[in-house]
Amino acid sequence: MDKRQAIGSWLSGPREAAENQGADFGYRGRQLGLPETGPGSIARPGRRLGALLVDWGLCVLIAYGLLTDGYNQATGNWALLLFFVMSVLTVGTVGSTPGKRIFGLRVISADGGHLRPLRALTRGALLCLGVPALVWDRDGRGLHDQLARTIEVRI
C-alpha cells in the first residue's frame, strides 16, 4: 500500500479500507436476518432522524401550547416528559410513534416477537438520555436498541 492509498483509506473510513482488502461486511441487517431493502429492512438514519424531529416537534408544540406560559426551560422539560410517555405508550402498543408512522418505520423485537412493554420502557428511557442513541453498531442500530433488544425497521 502506498501513501496515497493509506491516506485515501483514512479519508473514506475503516469500513471501505477493510472492504478493499477483501472483508465482506454485507448489508445493514444481514446479521439480524433482515432483507437488504424494502419492508422489514433496517431503517436508514435519515428516516430515523426525520421521525425523531417530527415527534420532538409535536411534544414541544403540546408543551408550549397546553402546559407552559410561553417558551422557557419548563417547556423543554415538559416536552422531554411528553416525548418519553408518547414513545413508551405508542411504541409499546402499536410499534411506532406518529413520526415513525409518517416516515414508514416501526420498532420490533429483536427475537421477532411482539414488543413487550418493558422493552419499550427501556428503549424510551435510554432514548431520552440521548447518548445511547448516538452510539451505533455495524447494522445501524443505536445502543438504546441494542440494550432493549429492539430493531427499527421499514414498514
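Our subject is the structure that appears above.
First things first, this report covers the structure right here in the doc. The residue numbering used here restarts from 1 in each chain and proceeds along that chain's sequence as written. With pLDDT at 70 or above as the cut-off, local features in this predicted model cover only qualifying residues; side-chain atom pairs require 80 or more to be listed or tallied, and sums for whole chains, interfaces and linings still use all residues. With hydrogens and water excluded, all non-hydrogen atoms of the structure serve as input to the side-chain values.

Observations concerning the pairing of strand β1 (residues 105–109)
Working step 1: Covered by surrounding structure in β1 are Leu105, Val107 and Ser109 only, the residues Arg106 and Ile108 on the alternate face being uncovered.
Working step 2: Two strands pair when backbone bridges link them, and β1 and strand β2 (residues 150–154) are joined in this way by 5 bridges, in the antiparallel orientation. The residue of β2 that forms the bridge with Arg106 is Val153. Burial classification: accessible surface area is computed with a 1.4 Å probe over protein chains only, and a residue below 20% of its type maximum counts as buried, one above 50% as exposed, and the rest as partly exposed. Only DSSP runs of H or I covering at least 4 residues are called helices, and only runs of E covering at least 2 are called strands; the numbering of each starts at the N terminus. One requirement defines pairing of two strands: DSSP has to find at least two bridges between them.

Focus on the state of the cysteines
Working step 1: Cysteine sulfur atoms are paired as a disulfide whenever they come within 2.5 Å of each other. Enumeration according to the criterion identifies 0 disulfides in this entry.
Working step 2: No disulfide involves Cys59; its nearest neighbouring cysteine sulfur is the one of Cys128, lying 8.8 Å away.
Working step 3: A relative accessible area of 22% places Cys128 in the partly exposed class.

Overview of the pattern of salt bridges
Working step 1: Salt bridges are defined as contacts in which a side-chain nitrogen from Lys or Arg sits within 4 Å of a carboxyl oxygen from Asp or Glu. Applying the stated criterion to the full structure yields 7 salt bridges.
Working step 2: Its salt-bridge partner being Arg123, residue Glu152 comes within 3.1 Å of it at the nearest N-O pair. Of the two residues, Glu152 sits in strand β2 while Arg123 sits in helix α6 (residues 117–129), which places them 29 residues apart along the sequence.
Working step 3: A relative accessible area of 3% means that Glu152 is categorised as buried.
Working step 4: Arg123 gets classed as buried once you look at its relative accessible area, which sits at 2%.
Working step 5: Where Arg141 meets Asp137, a salt bridge forms, and the shortest distance between an N and an O atom there is 3.9 Å.
Working step 6: On the accessibility criterion, Arg141 (9% relative accessible area) is buried.
Working step 7: Of the residues examined, Asp137 reaches a relative accessible area of 26% and is grouped as partly exposed.

Things to note about the packing of aromatic side chains
Working step 1: Side-chain rings of Phe, Tyr and Trp (the six-membered ring for Trp) are treated as a pair once their centres are within 6.5 Å; stacked means planes under 30 degrees apart, edge-to-face means over 60, and tilted covers the remaining angles. With the rule as written, the count across this model stands at 1 aromatic pair.
Working step 2: Measuring from centroid to centroid gives 6.1 Å for Trp56 and Phe83, while their planes differ by 70°, and the two rings are edge-to-face. Of this pair, Trp56 sits in helix α3 (residues 45–67) while Phe83 sits in helix α4 (residues 73–93), placing them 27 residues apart in sequence.
Working step 3: Residue classification places Phe83 among the buried residues on the basis of a relative accessible area of 6%.

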